[in-house]
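Chain residues, written in single-letter form:
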Amino acid sequence: MLLIRHGESHFNKHFSRTRQDPGIVDPTLTDMGKKQIETAAKRLRHEDHAVARLMSSPYWRALETAEILAEVLGLPIEIEPLVGERAFFVCDIGSPRSELEERFPAVDFQDLPEVWWRYPDETDDQLLERCQRFRLKAALWSDWQETLIVSHWGFIRGLTGQSVQNATLVRHDPTVA
């Protein structure tokens, strides 16, 4: 499978300069973040393994990232809450399902509770347990090798051990512990 960290968000832009939480709930992508994902989407068209399935975290920044990828790849977006960010900053408070349904009408949110995010904090052990649950679930998919997951820094680090920048693609084999 491929994992991609969402493009630069307004939280990322502020935090990278100040190292302080700007207090933005469920931030959107910056113009730079959108450009980062457009570039990544073009690269994905030339991958050795075709992407046939697109899944996303329900956070706004991940959904905006997935929208750009979906348009370029011609795929619908599936929601997977397990790949959401580790609850640590204010930006890790999500938007209610009803707001997401209004903004992203092409996405099916029917299995997502109205309040779905973890907050106020998620420990490293809790994050790693969630990553393990996702890994075991994904390992059973017959199409995991053709699946692209839009996720976040903390989740990708917990699942793969890699700390990645915005819009970075990472290959991962969920059948290997």
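Preceding this section is the structure that the text describes.
Keep in mind that this is a model prediction, so the values were computed, not measured. Residues take numbers from 1 onward in each chain, read along the sequence in its written order. Per-residue local features of the predicted model are confined to residues with pLDDT of at least 70, and side-chain atom pairs are confined, for both listing and counting, to 80 or more; whole-chain, interface and lining totals are unaffected and use all residues. With hydrogens and water excluded, all non-hydrogen atoms of the structure serve as input to the side-chain values.

Engineer: Would you mind showing me how to read helix α5 (residues 124-139) here?
Structural biologist: Working note: α-helix, 3.6 residues per turn, so residues spaced by three or four point in the same direction. Compared with an ideal rise of 1.5 Å per residue, which puts 16 residues at 22 Å, α5 spans 22 Å between its outermost C-alpha atoms and is within 8% of the ideal. Throughout, exposure labels follow a simple rule: accessible area from a 1.4 Å probe, protein chains only, divided by the maximum for the residue type, with under 20% read as buried, over 50% as exposed, and the rest as partly exposed. Helical segments are the DSSP runs of H or I of at least four residues, strand segments are the runs of E of at least two, and each set is numbered from the N terminus. Among all positions of α5, only Leu-127, Arg-130, Cys-131, Phe-134, Arg-135 and Ala-138 are buried. For α5, the angular spread of buried residues about the axis comes to 140°, placing them on one side. Any two residues whose heavy atoms approach within 4.5 Å are treated as being in contact. Looking at the buried positions of α5, the neighbouring elements they touch are β4 (147-151) and α6 (153-160). For a helix, the expected span equals 1.5 Å multiplied by the residue count minus one. To obtain the arc, one takes the directions from the helix axis to the C-beta atoms.

Engineer: Please explain helix α1 (residues 10-18) as it appears in this structure.
Structural biologist: Turning to α1, its buried residues number three or more, namely Phe-11, Asn-12 and Phe-15. Projected onto a plane normal to the axis of α1, the buried residues spread over an arc of 90° and lie on a single side. Arg-19 sits one or two positions beyond α1 and adopts a positive phi of about 60°.

Engineer: What is the right way to look at the sheet that holds strand β2 (residues 53-56) in this model?
Structural biologist: Hydrogen bonds between backbone atoms are what pair the strands of a sheet, whose relative direction is either parallel or antiparallel. For two strands to pair, DSSP has to find at least two bridges joining them. As summarised here, the arrangement of the five strands in space is β3-β2-β4-β1-β5, forming an open sheet in which the pairing is mixed. Strand pairing shows two members of the sheet lacking a second neighbour, β3 (77-79) and β5 (169-171), which therefore form its edges. Sheet twist, expressed as the mean angle between neighbouring strand axes with direction ignored, is 30°. The pairing of β2 with β4 spans four bridges and is classified as parallel. When the sheet's bridge partners are listed, Met-55 is paired in β4 with Ile-149. Only the stretch in contact is used when fitting a helix axis, every axis being a line fitted to C-alpha atoms; angles between N-to-C directions are given from 0 to 180 degrees. Against the sheet, α6 engages β1 (2-5), β4 and β5, with an angle of about 145° to β1.

Engineer: Help me understand unusual backbone geometry in this model?
Structural biologist: With glycine set apart, most residues show a phi of negative sign, and most peptide bonds adopt trans. Positive phi outside glycine occurs at Asp-26, with the angle close to 40°. Considering the arrangement of structural elements, one finds Asp-26 in the loop between α1 and α2 (31-44). For Asp-26, a relative accessible area of 5% translates into the label buried. The residue Ala-167 is not glycine, and still its phi comes out positive at about 70°. Mapped onto the elements of the fold, Ala-167 is located in the loop between α6 and β5. Relative accessible area serves as the criterion here: at 7%, Ala-167 is assigned to the buried category.

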